[in-house]
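Listed below are the residues making up each chain.
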Amino acid sequence: MNAISIRRAREADVAVIVAMLADDALGRAREDASLPLAQPYLNAFAAIDRDPNQLLAVADGDGVIGTLQITFLAGLSQRGAWCGQIEAVRVASSRRGEGLGQRLLEWAIDKCRERGCRVVQLTTNKSRTDAHRFYERLGFKASHIGYKLEL
């Protein structure tokens, strides 16, 4: 197995990222990983890639095997603190259990520190109990209740 590196995603990675997002019951209900990839995914990637407060990253080891996205949020609360919002954390199903998720999260937390964030936060679906245990093991606290409104 080749060494694993974590890097900024490229447009050529988008189809694999979408496939990872669709690789469970929740994801299958909301994603379309069929090829050719739907244009809105490529449009979203272009917007993310040009925004300096967005970082879509992939773990690369014999191909893309993990991903996450960080949004850097400026805010007035906590004395004007920056916050790193981590979303869409996925590891390829064939590579789960190797510690890659922890490596991705630690990398993301380091990126947030480098950007001066004082808080790192994430959300996860209530049904993802394994993910809840994973995040808590890494030191995250379930301190808030989140709400979403689909439009």
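Here's what I pulled together on the structure shown here. (Residues numbered from 1 in each chain as written. Predicted model: local features only at pLDDT ≥ 70, side-chain atom pairs only at ≥ 80, totals over all residues. Heavy atoms only, no water.)

What about unusual backbone geometry?
The phi angle of most residues is negative, glycine excepted, and most peptide bonds adopt the trans form. Looking along the chain, the bond that leaves Leu35 and enters Pro36 is cis, with omega of 0°. Of note, the phi angle at Asp62 is positive, near 55°, even though the residue is not glycine. Its place among the elements puts Asp62 in the loop between strand E2 (54-60) and strand E3 (64-74). By relative accessible area, Asp62 is classed as exposed at 54%. Even without being a glycine, Gln78 presents a positive backbone phi close to 55°. If you trace the backbone, Gln78 turns up in helix H4 (residues 77-80). The class of Gln78 is partly exposed, set by a relative accessible area of 47%. (Helix = DSSP H or I, 4+ residues; strand = E, 2+ residues; numbered from the N terminus. Buried < 20%, exposed > 50% of the residue type's maximum accessible area, 1.4 Å probe, protein only.)

A word on the pairing of E3
Buried residues dominate E3, accounting for nine of its 11 residues. Of the strand pairs in this sheet, E2 and E3 are connected by seven bridges, and their pairing is antiparallel. Looking across to E3, one finds that Leu56 is bridged to Gln69. Between E2 and E3, which pair antiparallel one after the other, the connecting turn spans three residues, and Asp62 there sits at a positive phi close to 55°. The sheet contact formed by E3 and strand E4 (residues 82-91) spans eight bridges and is antiparallel. If you follow Ala74 over to E4, its bridge partner there is Trp82. (Pairing = 2+ DSSP bridges.)

Description of the side chain of Gln69
Its place among the elements puts Gln69 in strand E3. In terms of polar contacts, Gln69 uses its side chain to reach the side chain of Gln54, at 2.6 Å. (Polar contact = N/O pair within 3.5 Å; in protein donor to acceptor, adjacent residues only side chain to side chain.)

With respect to the pairing of E4
E4 sits mainly inside the fold: seven of its 10 residues count as buried. As defined by bridge partners, E4 adjoins strand E5 (residues 117-122) across five bridges and the pair is classed as parallel. Bridge assignment links Trp82 to a residue of E5, and that residue is Cys117. Regarding topology, helix H5 (residues 100-114) serves as the crossover connection from E4 to the parallel E5, and that connection is right-handed. (Right-handed = clockwise from strand over helix to strand, strands pointing away.)

Describing the pattern of salt bridges
Any two side chains of opposite charge can pair if their charged atoms end up close together. This structure, assessed with the given rule, holds nine salt bridges. The salt bridge involving Glu98 is made with Arg95; its shortest N-O contact spans 3.0 Å. Assessed through its relative accessible area of 44%, Glu98 is described here as partly exposed. Connected through shared salt-bridge partners, Arg7, Asp13 and Asp60 make up one network. (Salt bridge = Lys/Arg side-chain N within 4 Å of Asp/Glu carboxyl O.)

Let's talk about the packing of aromatic side chains
Counted by the stated rule, this structure contains two aromatic pairs. Judged by centre distance (5.3 Å) and plane angle (55°), the ring pair of Phe134 and Tyr135 falls under tilted. The exposure class of Tyr135 is buried, given its relative accessible area of 9%. When the ring of Tyr135 is compared with that of Phe140, the centres are 6.1 Å apart and the planes differ by 75°; the resulting orientation is edge-to-face. The residues Tyr135 and Phe140 share a single accessibility class, namely buried. Members of the aromatic cluster, joined through ring pairs, are Phe134, Tyr135 and Phe140. Its guanidinium or amino end placed over the ring of Phe72, Arg115 lies 4.1 Å from that ring's centre, counting from NZ or CZ. (Phe/Tyr/Trp six-rings, centres within 6.5 Å; stacked < 30°, edge-to-face > 60°. Lys NZ or Arg CZ within 6 Å of the ring centre and 35° of its normal.)

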